[in-house]
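Here is how the chains run, residue by residue.
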Amino acid sequence: MADPKATILTADELRRGLTRIAHEIVERNKGAESLAIIGIHTRGLPLAERLAQKLSELEGVEVPMGMLDITLYRDDLSEVAHQPIIRETRVPFDIAHRRVILVDDVLYTGRTVRAALDALIDLGRPEGIQLAVLIDRGHRELPIRADYVAKNLPTARHEVVKVKLQETDGVDIVELWDLEDIK
Amino acid sequence: MTSPTPHTPRPRHLLDFQEWTPERLTALLDNADTMLQVLDRPVKKVPALQGQTVCLAFFENSTRTRTSFELAARRMSADVFTFAAGSSSVSKGESLRDTVEVLTQYKVDAYVVRHHASGAAHLVARYTGKPVINAGDGRRAHPTQALLDAYTIRQEYGSLEGKKVTIIGDVRHSRVARSNAELLPKLGAQVMLCGPATLLPADLAALPGVTVTSDPREAVRGAHAVMALRLQQERMTGGYLSSLQEYADQFQVNEKLMGEAESGAIVLHPGPMNRDLEISTEAADGPRSRILRQVENGQAIRMSVLYHLLVGRE
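Calculation criteria
Here the residue numbers are simple positions, counted from 1 along each chain's written sequence. Chains and ligands are labelled sequentially in the order written, the chains with letters from A and the ligands with numbers from 1. Per-residue local features of the predicted model are confined to residues with pLDDT of at least 70, and side-chain atom pairs are confined, for both listing and counting, to 80 or more; whole-chain, interface and lining totals are unaffected and use all residues. Only hydrogens and water are removed before side-chain values are computed, so all heavy atoms of the structure are retained for them. Every helix listed is a DSSP run of H or I at least four residues long, and every strand listed is a run of E at least two residues long, numbered separately from the N terminus. A simple rule labels every residue: compare its accessible area, found with a 1.4 Å probe on the protein chains alone, to the largest value its type can have, and call it buried under 20%, exposed over 50%, or partly exposed in between. Should any heavy atoms of two residues lie within 4.5 Å, those residues are considered in contact. The Shrake-Rupley method, run with a 1.4 Å probe, gives the accessible areas here. Residue values count only the displayed protein chains as cover. Charge counting treats Lys and Arg as positive and Asp and Glu as negative, with His and both chain ends excluded. Charge coordinates come from a single atom per side chain, which is NZ of Lys, CZ of Arg, CG of Asp or CD of Glu. Angular values range over 0 to 180 degrees, each being the angle between N-to-C directions of two axes fitted as lines to C-alpha atoms, with helices fitted over their stretch in contact. Just so you know how the angles are binned, under 35 degrees is roughly parallel, over 145 roughly antiparallel, 65 to 115 roughly perpendicular, and the rest oblique. Helix crossings get a hand from a simple test, with the near helix turned counterclockwise from the far one by less than a right angle marking a left-handed crossing and a clockwise turn marking a right-handed one. What makes two strands pair is DSSP finding at least two bridges between them. In this context, the arc is that of the directions from the helix axis out to the C-beta atoms. Given the number of residues in a helix, its expected span is that number minus one, multiplied by 1.5 Å. Residues enter a nonpolar core if they are buried and are Ala, Val, Leu, Ile, Met, Phe, Trp, Tyr or Cys, with the set joined through side-chain atoms within 4.5 Å. In the sections that follow, a salt bridge refers to a side-chain nitrogen of Lys or Arg positioned within 4 Å of a carboxyl oxygen of Asp or Glu. Residues are grouped as follows: Ala, Val, Leu, Ile, Met, Phe, Trp, Tyr, Cys and Pro are nonpolar; Asp, Glu, Lys and Arg are charged; every other residue, Gly included, is polar. Per-residue confidence from the prediction method is given by pLDDT, with values spanning 0 to 100.

## Some remarks on the overall build of chain A
Phase 1: Broken down by element type, chain A carries five helices and eight strands.
Phase 2: Secondary structure elements in chain A, listed N-terminal to C-terminal, are β-α-β-α-β-β-α-β-β-β-α-β-α.
Phase 3: Along the first, second and third principal axes, the C-alpha set of chain A runs to 45 × 35 × 30 Å.
Phase 4: Considering chain A as a whole, with its 183 residues, one finds that 52% of them fall into the buried category.
Phase 5: Sequence-distant contacts in chain A: of pairs separated by 6 or more residues, those separated by 24 or more amount to 70%.
Phase 6: For chain A, the accessible surface area stands at approximately 8600 Å², while carbon and sulfur atoms represent 47% of it.
Phase 7: Seen as two clouds, the 25 positive and the 32 negative side-chain charges of chain A have centres 3 Å apart.

## Some remarks on the packing of helix α2 (residues 64-75) of chain B against helix α11 (residues 291-310) of chain B
Residue and element names in this part refer to chain B.
Phase 1: For the pair α2 and α11, the least separation of the axes is 8 Å and the interaxial angle reads 55°. When the axes of α2 and α11 are compared, the pair comes out oblique. Between α2 and α11 lies a crossing of right-handed hand. On the side of α2, the interface is formed by Arg64, Thr65, Ser68, Phe69, Leu71, Ala72, Ala73 and Arg75, while α11 contributes Val295, Gly298, Gln299, Arg302, Met303 and Leu306.

## Re the pairing of strand β2 (residues 79-84) of chain B
Phase 1: Alignment of strand β1 (residues 53-58) of chain B against β2(B), held across six bridges, turns out to be parallel. When the sheet's bridge partners are listed, B:Leu56 is paired in β2(B) with B:Thr82.

## Side note on the sheet that holds strand β4 (residues 99-107) of chain A
Residue and element names in this part refer to chain A.
Phase 1: If you trace the five strands from one edge of the open sheet to the other, you get β3-β2-β4-β5-β6, paired in parallel fashion. The open sheet has two free edges, formed respectively by β3 (65-68) and β6 (148-152), since each of these has just one partner strand. Across the sheet, the mean angle from the axis of one strand to that of its neighbour is 25°, orientation sign disregarded.
Phase 2: In this fold helix α3 (residues 111-123) packs onto β2 (35-40), β3, β4 and β5 (128-136), with an angle of close to 155° to the strand it touches most, β4.

## Digging into helix α8 (residues 244-251) of chain B
Residues and elements named next belong to chain B.
Phase 1: Those residues of α8 that sit buried are Tyr247, Ala248 and Phe251. Down the axis of α8, the buried side of the element spans an arc of 100°, and every buried residue falls inside it. Turned more than 90 degrees from where α8 packs its buried face, Gln245 and Asp249 sit exposed.
Phase 2: Of the surrounding elements, those touching the buried residues of α8 are β5 (164-168), β6 (190-194) and α7 (216-220).

## Describing α2(B)
Residue and element names in this part refer to chain B.
Phase 1: Taking 1.5 Å of rise per residue, the twelve residues of α2 would be expected to cover 16 Å, and the 16 Å separating its terminal C-alpha atoms lies within 8% of that figure.
Phase 2: Residues of α2 that are buried include every one of Thr65, Ser68, Phe69, Ala72 and Ala73, and no others. Viewed along the axis of α2, the buried residues span an arc of 125°, placing them on a single side of the element.
Phase 3: Downstream of α2 by one or two residues, Ser77 has phi in the positive range, about 75°.

## Examining the sheet that holds strand β4 (residues 132-137) of chain B
Residues and elements named next belong to chain B.
Phase 1: Pairing is parallel across the open sheet formed by four strands, whose spatial order is β2-β1-β3-β4. Edge positions in the sheet fall to β2 and β4, since each of these pairs with one other strand and no more. With direction set aside, neighbouring strand axes in the sheet form an average angle of 15°.
Phase 2: Contacts between α2 and the sheet are confined to β1, β2, β3 (110-115) and β4, with β1 contributing the most and set at about 175° to the helix.

## Considering unusual backbone geometry
Phase 1: Looking along the chain, the bond that leaves A:His41 and enters A:Thr42 is cis, with omega of 0°.
Phase 2: Position of A:Thr42 relative to the elements: it lies in the loop between β2 and α2 (44-59).
Phase 3: In this chain, B:Gly271 is followed by B:Pro272 through a cis amide linkage whose omega measures -10°.
Phase 4: When you line up the elements, B:Pro272 lands in the loop between β9 (266-268) and α10 (281-285).
Phase 5: Positive phi, normally seen in glycine, also occurs at A:Ser34, with a value near 65°.
Phase 6: Relative to the assigned elements, A:Ser34 resides in the loop between α1 (11-29) and β2.
Phase 7: Given a relative accessible area of 28%, A:Ser34 falls into the partly exposed group.

## Considering the nonpolar core
Phase 1: Ranked by internal contacts, the top residues of the largest apolar core, which has 88 residues, are A:Ile38, A:Leu68, A:Leu72, B:Val54, B:Met76, B:Leu147 and B:Leu193.
Phase 2: With residues up to four places along the chain from it excluded, the contact list for A:Ile38 reads A:Ala48, A:Gly66, A:Met67, A:Leu68, A:Val91, A:Phe93, A:Ile95, A:Val100, A:Ile101, A:Leu102, A:Val103 and A:Leu120.
Phase 3: Counting residues in hydrophobic clusters, the runner-up holds 32 residues, among them A:Leu47, A:Leu55, A:Tyr148 and A:Leu153.

## Here we look at the pattern of salt bridges
Phase 1: This structure, assessed with the given rule, holds 30 salt bridges over all chains.
Phase 2: Residue B:Arg217 is joined to B:Glu260 by a salt bridge in which the shortest nitrogen-to-oxygen separation is 3.0 Å. Taken together, the residues B:Arg217 in helix α7 and B:Glu260 in the loop between α9 (255-258) and β9 connect sequence positions 43 residues apart.
Phase 3: B:Arg217 sits in the partly exposed class, given a relative accessible area of 44%.
Phase 4: Three or more residues are tied together by salt bridges with common partners; here these are A:Lys5, A:Glu159 and A:Asp178.

## Focus: the packing of α1(A) against α2(A)
Residue and element names in this part refer to chain A.
Phase 1: α2 packs onto α1 with a crossing angle of 55° between their chain directions and a minimal axis gap of 9 Å. Between α1 and α2, the interaxial angle falls into the category oblique. Crossing of α1 against α2: the hand is right-handed. Between α1, through Leu14, Arg15, Leu18, Thr19, Ile21, Ala22, His23, Ile25 and Val26, and α2, the contact on the second element is made entirely by Leu47, Arg50, Leu51, Lys54, Leu55, Leu58 and Glu59.
Phase 2: Residues belonging to the contact of α1 with α2 are distributed by class as follows: ten nonpolar, two polar and four charged.

## Details of the confidence of the model for chain B
All names here are of chain B.
Phase 1: When pLDDT is averaged along chain B, the result is 91, and 93% of the positions lie at 70 or above.
Phase 2: Between residues 1-6, whose pLDDT stays under 50, and residues either more than four places distant or in other chains, the model counts 14 contacts.
Phase 3: Per the prediction output, this complex has pTM 0.90; the corresponding ipTM is 0.82.

Here it is, written out as structure tokens:
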């Protein structure tokens, strides 16, 4: 198997990136009261859990956490899944009157975030929604931007950003691959 | 969750279970979990089938199946229209093929077909080129009912593997029994079919994982789920039964008979029920009953089937 073109974030850099995002969230929202963290399947979930943990440590309040599957809201379904598998959406708290921090690993075309916004709004009317991502790789197809980014990474379309996390992959690392090399 | 092997072609229709692997069936049941969540939300609607049109082609009367499919399709944001044969050109002699070819011109994306003739859904599939879901054809199949039965049992026990499911009643005329006999063993369950000898077709005993008996106590012994079938009184003119009372005395699913089953065994019924004939009111309304749960699950299963057949195809 071929090697990645580059390591974008090591485990330490990933941890520091998330810590910085947690501080920015506290700064911008003047604390963590009335916040909620919602991760988008799959790798948005562990990132959301880590962020919720960091926010709780920083502010001494428990920040509720939920998970969102956006499969039923996608507008590009013909391009996905030989087998449509839907994962669990679980938001065990009322999102009304909360500022929701939506968390995903990579921000690319913006279509996943658009779907997530629709899915969230069907669950209630949050006071606001902010977006936190580990990597912003550009190539937006919709007018969407992230509020918190650990790493901005200009990429070519033929490149792939692979985020690996302890919880899902046994290791924390972000790599840049050429699409040809992972086919 | 189970993912099927990537090279298994996705079935285009749900006519019966012949083309459906256990992996795909499991994925379909898994997706129904999410659909149930959608039904619990304040906004019970997702945009997955936006822009698609589903035709409910009902050539046979049905209220609950049609309502369930209609709501399922609407919850997924599909446009839905019902073609009711009684008020259509079918009543003027138009053939099923011609009817389907006319409906096709309305740019329908999927058909849900119910028909009194066995094999009608296959015929519709042949002439439309679009996904067809069999909502009951003659005595042959009622696959979404079997799926919701399987789902309800799985919900109770976590898995169908090694579970004994007893189906009691008019097996001969029951497409529900036939579909369950085909589906449940694929998912690892054993099926015991039981009824008076006159209402037990011998061919079903040849299916893998299926046993038939006319002894209800033997049938229910050790069962994890017991399903009573509706006694189709309109079809009981052929000398199948000596009397309804005798049938009830012997084959009714009631608390006494359920005493032979596993301690936590559940009671199912595909509806509509003849209370105190094939099922006692006590059993139908008691703590073991999952009959209303079946109705709720039916909507989620039908959403999952529509999703599986219509979404993500090239």
